[in-house]
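# Structural overview for review
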Amino acid sequence: MKILEVHIYGYGKWEDKKWRFTDNSDLILFIGDNEAGKSTLMSFVCSVLFGFPKKGENQYIPIMTDKYGGSVTLWTEDHGTVTIRRVKGRKVKGDVTVFFPNGREGGEEALSMLLNGVDIHTFQGIFHFDLDGLNGLGNLSPEDMNQFLYDTGVGGAQQLTELEKRLSGEMETLFKPRGKKTEMNQLSKRLEEKNKEIKGWENRIAQFDEIKKEIAEKESQHIQWKDKQKEVTEQIHQVEKQELIVPLVREWKENHLWLSERDLITVFPENGLQRLEVLEEKLRDKRASLKDEELKHQLLEQELSRINPISEEWKGEVEQKLRQYDIYENSRLDWKHYYVDKEECKRKMSKLENQWKQFEDLHFSQIPFHSFMINRFQELRDLIHTYKHREQRVMEDLEKVQREVHNNKDSQGRVKEALLPQDDFERIKAGVATDSNHEVKTKQAILGERLANLKAQNIDRLKSTKQQQLIFSICIILFLGLAVIGLILSNYFLGGISTFIGAFFIFLFVQKWNGKKRQERDFAEKISALEKQLEDLFRVGNSTSDQERERLKQIVAMEEEKYDELQTLVRDYQRLIQRQEQFEQEIEKVKNDIQQLENEINEWAYENQLPLNLEINVYEALLKSISEWKNTEEDYLTLKSKVTLIEMEQKELEDELNMIINRLGLKNLEKVAPIQILSQFINKEREKEKRHNSLLEQLELRKEVMLRLESEVFTVEEDLKDLLDNASVKNSEEFRRKGADYLQQKTKLEEKQRCWIQMQTIFSNEAELKLLIDDLEEGYSPPTKKTELVHELQEVEGHLEKSIEQLTKLKQEVDVLEQDGTYEELLLTFSQWKEELQTLAKRWAVYSVSKLIIRQVKSVYEKERQPAVIKRAEQLFHHLTEGSYTRLYAPLGEQRFILERQDGERFEPSQLSRGTCELLYLALRFSLASLNEGKVNFPIFMDETLVNMDKNRRANVITLLKDLSKSRQIIVFTCHQHIVDEYNWDKIYLNREYIG
């Protein structure tokens with residue numbers, strides 16, 4: 001089997017990538033840097049043959065395309081060239097299609113048949129060597145390394161060994177003879193503990209009846225102690241009530257004795273003392289307020305007498321001037337705007353004049369700008385534009401006629417070139433009726449003579465050209481040599497001149513060369529045309545005489561038509577020349593008219609004091625500027641008159657304001673404007689008037705307040721008199737003393753009533769309450785009795801707590817025994833755990849039997865196949881180590897290898913160096929691959945398996961690979977240049993599609 005082509009639609013970093021190999025590509029080296037895609041390519045081949053990786057593994061999903069998968073083309077001995085295509089499908093493995101040479105297609109079954117049942121594990125275990133397998137050797141213990149190489153040697157036993165290890169692990173997880181943490185050990189321990197609990201329950205069930213009798217006796221005793229506790233508690237409660245009522249009885253008797261010793265006050269105003277204090281306080285406040293208002297009234301009258309406002313006449317006159325000043329302010333603002341606009345007009349006029357300052361005699365103010373002047377200019381301008389348009393139109397017609405004359409001349413030249421020479425035409429015309437063969441021969445002689453002359457001219461030209469080329473070459477070499485000598489001698493002038501002249505000769509040489517090429521091409525075309533005409537004449541010479549005579553007649557007719565055409569062109573030429581002369585005369589006339597109009601424009605400019613000999617567009621721009629200047633001048637004069645008028649009005653108003661200031665006797669300050677002095681004066685007068693009116697309003701308000709306060713004082717005095725009369729006293733002091741006695745009497749009555757109500761709350765029976773009051777008068781003392789009762793209650797509660805504790809303990813035992821399901825749950829749990837232990841024991845037995853079967857399979861394999869694998873590996877290892885090791889064998893019944901050196905000393909693989917151990921790994925893999933040729937001769941894939949070897953052993957491996965490649969295809973992947981240099985194979989760089 002050989003791989004002929006790999007085409008990746010999309011897999012990892014590869015997208016639409018194709019590699020093709022020749023039929024002789026038995027040993028192929030893939031070269032690429034790290035992350036160049038070597039492992040991706042190898043994984044792709046494996047995925048196409050055996051299915052895409054599962055979820056959770058590296059599936060190499062492409063990023064930039066939706067396509068996933070590709071195809072691999074193989075050559076097989078049984079079927080020829082077969083293409084296997086696998087793309088993304090509903091299954092994780094993808095959809096596979098096998099294309100056979102005869103057009104038949106197949107799926108997974110056809111692919112399995114094609115691979116002869118080899119699965120992915122066999123493929124990776126035998127035909128795929130990678131760096132991971134080599135790197136893993138350094139991390140293994142001696143026992144694990146020996147086991148690894150042993151599994152490698154038996155080919156497929158690695159999976160059996162791994163399965164055997166997993167089975168041993170599962171068995172140890174379930175059970176260990178002396179273990180404590182395994183599942184079966186822990187379950188056995190729990191079953192023993194549960195069995196002990198069940199036996200304890202069986203013993204406790206026998207004591208159930210005795211506990212029930214003891215509970216009945218304890219409950220009877222508990223009821224008796226409960227009744228005794230209730231009785232003592234009631235007695236203590238009664239004694240506590242008596243203790244509470246003793247202070248109340250004493251307080252009630254004290255209040256009763258105080259009231260019986262004094263006369264009771266029956267009549268006194270409600271809240272009399274508070275009302276008296278309120279009325280007296282209110283009377284004092286009202287009198288103080290009245291006195292304060294009288295003082296404020298006097299102060300307002302004094303301030304009012306000091307205010308003396310001006311007369312209404314003067315006030316009106318000043319306010320009128322102030323109103324005029326508002327108009328004055330507006331006019332001042334207008335004056336500012338007018339003044340700014342006036343200056344802007346002046347600046348604009350100056351700017352317009354500066355635009356035309358190149359004309360010194362031009363003065364805008366002296367130009368008579370009017371409508372007649374503008375109309376005259378527009379009339380002359382329109383006439384000039386009309387004549388210029390006419391001139392342009394005639395010029396276009398003249399150019400058109402000139403083009404027609406030129407075309408006519410070209411046509412005449414073409415017709416003349418097409419005409420035969422006059423002598424030839426006369427001979428043909430004269431010989432139409434004569435012998436045709438004689439005419440053909442004559443023409444052949446003429447053409448032959450012309451061809452010979454032309455070839456002779458070409459030879460002379462070539463000789464002259466060669467001489468010129470020789471001369472130019474000598475000159476170029478001479479001057480360039482001089483330039484180099486000048487540069488060496490630091491004579492830059494000589495070097496520069498020589499370089500320039502040499503470059504000039506090179507330029508002439510190139511021009512001559514191009515001219516020579518063109519001349520050669522022209523001579524070749526002419527010679528070819530003459531030779532073709534001679535061939536035609538020779539061909540015609542062999543034709544019949546009648547046909548030749550008819551052809552000559554046609555030539556004569558065609559020549560006569562050409563002559564007629566030439567005469568027509570000559571007549572047209574003469575007519576076009578006449579039209580050309582007419583247009584030239586008309587242009588001259590138009591130019592004279594335009595010159596006359598320009599003279600009139602100059603006369604118009606002279607009359608209006610404008611510069612002479614200017615363009616029409618310049619005059620238009622000048623008139624536009626003059627018009628704008630004149631309009632601006634009008635605006636300037638208008639604004640100037642407005643500014644002057646406003647200034648006069650402002651002066652008149654200021655004089656009037658100064659006169660009023662003098663009449664009012666106000667100070668006229670130099671830095672203060674008159675209007676500001678009057679404004680300040682009138683504002684002060686307005687404030688005086690406002691203050692005068694405010695004082696009058698406040699005087700009226702104070703008068704009203706004083707009247708109101710006098711009325712309120714009278715009302716309070718009457719209320720105070722009525723209060724004293726109601727208490728039957730004459731003054732406030734008597735009222736206060738009587739009020740104090742009344743309040744004390746009232747307090748005693750309230751306290752007596754409060755004590756009585758509280759005593760009734762404690763003892764609701766009034767007779768019992770009165771009896772208790774009488775007993776207290778005899779010296780009754782309840783604390784002694786309470787102490788005795790409390791001591792008795794404590795003894796009763798102690799017995800009660802003890803009985804409750806005993807009852808609780810007995811009832812808990814009964815509850816535990818009577819709980820439904822407790823004992824049954826123990827039995828059920830014990831049964832379930834027992835079944836679980838039996839299930840685990842069955843699993844352990846299955847693992848044990850499976851392990852025994854695997855050992856028997858490996859034993860059979862070792863006896864039947866291992867000797868051949870080890871024998872072939874021994875030969876290969878002997879070759880790779882250059883005879884250093886002579887034997888490789890596995891001791892009978894032991895899963896390990898022994899290597900014997902040529903000196904007879906024996907080693908286990910773990911005792912070898914890493915490089916030698918890797919050679920043993922390769923020898924075992926090559927041995928397995930060579931012994932599997934009977935099934936499918938798969939290619940061998942090697943990924944970076946030679947990087948850790950020295951040069952000599954690497955050369956031995958390369959030699960071995962060349963021998964193996966005679967029977968199977970070998971594909972090697974590497975990123976190391978020294979390995980690339982040592983390989984003399986087909987090399988593929990991963991950035992190319994074909995073999996390098």
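Residue indices begin from 1 for each chain and proceed along its sequence in written order. Only residues with pLDDT of at least 70 get local features here, since the model is predicted, and only at 80 or more are side-chain atom pairs given and counted; chain-wide, interface and lining totals rely on the full set of residues. Only hydrogens and water are removed before side-chain values are computed, so all heavy atoms of the structure are retained for them.

### Let's talk about the overall build of the chain
- Helix and strand assignments come from DSSP, with helices taken as H or I runs of at least 4 residues and strands as E runs of at least 2, each series counted from the N terminus. Secondary structure assignment for the chain yields 25 helices and 14 strands.
- Expressed as a percentage of its 996 residues, the buried residues of the chain come to 36%.
- In the chain, once contacts between residues fewer than 6 apart in sequence are set aside, the share between residues at least 24 apart is 74%. Relative accessibility thresholds used throughout: buried, under 20% of the residue-type maximum; exposed, over 50%; partly exposed, between the two (1.4 Å probe, protein chains only). The contact rule is simple, with two residues in contact once any of their heavy atoms fall within 4.5 Å.

### Quick look at the environment of Glu 343
- Within the secondary structure, Glu 343 is located in helix 10 (residues 312–355).
- Under the relative-accessibility criterion, Glu 343 is labelled partly exposed at 31%.

### Topic: the packing of aromatic side chains
- Only Phe, Tyr and Trp rings are paired, with Trp represented by its six-membered ring, and only when their centres lie within 6.5 Å; those with planes under 30 degrees apart are stacked, over 60 edge-to-face, the remainder tilted. One pass over the structure, following the stated rule, counts 15 aromatic pairs.
- With a centroid separation of 6.1 Å and 90° between ring planes, the pair formed by Phe 21 and Phe 30 is classed as edge-to-face. Comparing Phe 21 with Phe 30 shows no difference in burial state: the two are buried.
- By the ring-pair criterion, three or more aromatic residues cluster together here, those being Tyr 11, Phe 44, Phe 52, Tyr 60 and Tyr 68.

### Here's the deal with empty space enclosed by the protein
- Both site types are read off a 1 Å grid over the protein atoms alone. A 1.4 Å probe that fits but cannot get out defines a cavity, while an open set with protein on both sides within 12 Å along at least five of seven lines defines a pocket; lining residues have an atom within 4 Å of a point. Grid points are joined across faces, edges and corners, and a volume is the space filled by probe spheres set on the points. Taken as a whole and assessed by the stated rule, the structure comprises three cavities of 30 Å³ or more.
- What lines the largest cavity is Ile 3, Val 6, Phe 21, Phe 30, Leu 41, Met 42, Val 45, Phe 941, Ile 971 and Phe 973.
- When contributions to the lining of the largest cavity are tallied by element, the ones reaching two or more residues are strand 1 (2–11), helix 1 (38–50) and strand 13 (970–974).
- If one sorts the elements of the lining of the largest cavity by residue count, helix 1 sits on top with three residues.
- When residues are grouped by polarity, Ala, Val, Leu, Ile, Met, Phe, Trp, Tyr, Cys and Pro land in nonpolar, Asp, Glu, Lys and Arg in charged, and all others, Gly among them, in polar. The class makeup of the residues in the lining of the largest cavity is ten nonpolar, no polar and no charged.

### Focus on the pairing of strand 10 (residues 898–901)
- By the convention used here, strands pair only if DSSP detects at least 2 bridges between them. Here four bridges tie strand 9 (residues 885–889) to strand 10, and the two strands are oriented antiparallel to one another. Its bridge partner lying in strand 10, Tyr 885 is registered against Arg 901.
- As consecutive antiparallel partners, strand 10 and strand 11 (residues 906–907) are separated by four residues, and within that stretch Gly 904 has a phi angle of approximately 90°, a positive value.

### Topic: the sheet that holds strand 12 (residues 940–943)
- Sheet architecture is open: five strands sit in the order 8-12-13-3-14, paired in parallel fashion. One side of each edge strand has no neighbouring strand; the edge strands of this open sheet are strand 8 (128–130) and strand 14 (986–989). Within the sheet, the average angular offset between the axes of one strand and its neighbour, ignoring direction, is 15°.
- Note: strand 12 against strand 13, four bridges, orientation parallel. If you follow Met 942 over to strand 13, its bridge partner there is Val 972. Helix axes use the C-alpha atoms of the stretch in contact, all axes being lines fitted to C-alpha atoms, and the angles between their N-to-C directions lie in the range 0 to 180 degrees.

### A word on the UniProt feature "coiled-coil region" (unreviewed entry) in the chain
- UniProt positions are given in the numbering used here, feature names are shortened, and annotations may be inferred rather than shown by experiment. Feature annotation in UniProt places "coiled-coil region" (unreviewed entry) on residues 184–228, 273–303, 549–607, 682–726 and 793–843, given in this structure's numbering.
- Note that residues 273–303 is 100% helix and 0% strand, and that its end C-alpha atoms are spaced 46 Å apart.

### So, the packing of helix 9 (residues 272–306) against helix 18 (residues 732–762)
- Between helix 9 and helix 18, whose axes approach to 9 Å, the crossing angle comes to 150°. If you check the angle between helix 9 and helix 18, you find them roughly antiparallel. Residue-level inspection shows Gly 272, Leu 273, Leu 276, Glu 277 and Glu 280 of helix 9 in contact with helix 18, the latter providing Ser 732, Phe 735, Arg 736, Gly 739, Ala 740 and Leu 743.
- Classifying every residue of the contact of helix 9 with helix 18 gives five nonpolar, three polar and three charged. Any angle between 65 and 115 degrees counts as roughly perpendicular, while under 35 counts as roughly parallel, over 145 as roughly antiparallel, and the rest as oblique.

### Observations concerning helix 18
- Between its first and last C-alpha atoms helix 18 spans 45 Å; for 31 residues at 1.5 Å apiece the expected length is 45 Å, and the two agree.
- Along helix 18, the residues classified as buried are Ser 732, Phe 735, Gly 739, Tyr 742, Gln 745, Lys 752, Cys 755, Trp 756, Met 759 and Ile 762.
- In protein, a polar contact means a hydrogen-donor-capable atom and an acceptor-capable atom, both N or O and within 3.5 Å, with residues adjacent in sequence counting only if both atoms are side-chain atoms; elsewhere, any N or O pair within 3.5 Å suffices. If you check the start of helix 18, you find a side-chain oxygen 3.3 Å away from the backbone N of Glu 733, and it comes from Asn 731. What a helix should span is 1.5 Å times the count of its residues minus one.

### Details of the packing of helix 23 (residues 914–931) against helix 24 (residues 951–964)
- Two elements in contact, helix 23 and helix 24, have axes separated by 12 Å at closest approach and are oriented at 5°. The angle between the axes of helix 23 and helix 24 places the two elements in the roughly parallel class. On the side of helix 23, the interface is formed by Gly 915, Thr 916, Leu 919, Leu 922 and Phe 926, while helix 24 contributes Arg 953, Val 957, Leu 960, Leu 961 and Leu 964.
- Its residues placed into classes, the contact of helix 23 with helix 24 shows seven nonpolar, two polar and one charged.

### Here's the deal with helix 9
- Given a rise of 1.5 Å per residue, 35 residues ought to cover 51 Å, and the 52 Å separating the end C-alpha atoms of helix 9 matches this to within 8%.
- Inspection of helix 9 places Gly 272, Leu 273, Leu 276, Leu 279, Glu 280, Leu 283, Lys 286, Leu 290, Glu 293, His 297, Leu 300 and Leu 304 among the buried residues, and these make up the whole buried set.

### Some points on the pairing of strand 12
- Along strand 12, one buried face is formed by Ile 940 and Met 942 and the opposite face, lined by Phe 941 and Asp 943, is buried too.
- Summarising the sheet, strand 8 and strand 12 pair through three bridges and their orientation is parallel. Across the sheet, Phe 129 pairs through a bridge with Met 942, a residue of strand 12.
- Crossover handedness for the path strand 12 to helix 24 to strand 13: right-handed. Whether a crossover is right-handed comes down to one check: with the strands pointing away from the viewer, does the path from the first strand over the helix to the second run clockwise; if it does, it is right-handed.

### Notes on the nonpolar core
- With 82 residues, the main nonpolar core has Ile 3, Trp 19, Phe 30, Leu 41, Leu 922, Phe 926 and Met 942 as its most contacted residues.
- Sort the elements by how many residues they give to this core and helix 23 lands first, with nine residues.
- In this structure, Ile 3 is in contact with Phe 21, Val 45, Val 72, Thr 73, Leu 74, Pro 939, Phe 941, Gln 969 and Ile 971, ignoring residues within four places of it in sequence.
- In terms of nonpolar packing, the next biggest core, distinct from the first, is built from 27 residues, Cys 345, Leu 352, Trp 604 and Trp 629 among them. Here the nonpolar core consists of buried residues drawn from Ala, Val, Leu, Ile, Met, Phe, Trp, Tyr and Cys, with membership extended through side-chain atoms lying within 4.5 Å.

### Digging into the sheet that holds strand 10
- Taken in spatial order, the three strands of this open sheet run 9-10-11, and their pairing is antiparallel. Taken across any chain shown, the strands that pair with only one partner, and hence form the sheet edges, are strand 9 and strand 11.

### Some words on the pattern of salt bridges
- The salt bridge criterion pairs a side-chain nitrogen of Lys or Arg with a carboxyl oxygen of Asp or Glu, the two atoms within 4 Å. For the coordinates displayed, the defined rule picks out 23 salt bridges.
- When the shortest N-O distance is used, the salt bridge between Glu 379 and Arg 376 registers 3.7 Å. Residue Glu 379 and its partner Arg 376 are both found in helix 11 (residues 371–418); the two are separated by three residues, about one turn of the helix.
- Measuring nitrogen to oxygen at the nearest pair gives 3.1 Å for the salt bridge that ties Arg 708 to Glu 712. Within this pair, Arg 708 and its partner Glu 712 are both found in helix 17 (residues 674–726), separated by four residues, close to a single helical turn.
- Overall, the relative accessible area of 23% leaves Glu 712 in the partly exposed class.

### Overview of a negative patch on the surface
- A grouping of Glu 718, Asp 719, Asp 722 and Asp 725 is seen on the molecular surface, where their side chains present a negatively charged patch.
- Tracing the sequence through the fold places Glu 718 in helix 17. Patch criteria: residues need more than 30% relative accessible area and no salt bridge. Like-charged residues are merged within 9 Å; nonpolar side chains of Val, Leu, Ile, Met, Phe, Trp and Tyr are merged within 5 Å. Method for areas: the Shrake-Rupley scheme with a 1.4 Å probe, in which residue coverage is limited to the protein chains shown. Charge assignment in this entry is limited to Lys and Arg as positive and Asp and Glu as negative, and neither His nor the chain termini are counted. For the purpose of locating charges, the reference atoms are NZ of Lys, CZ of Arg, CG of Asp and CD of Glu.

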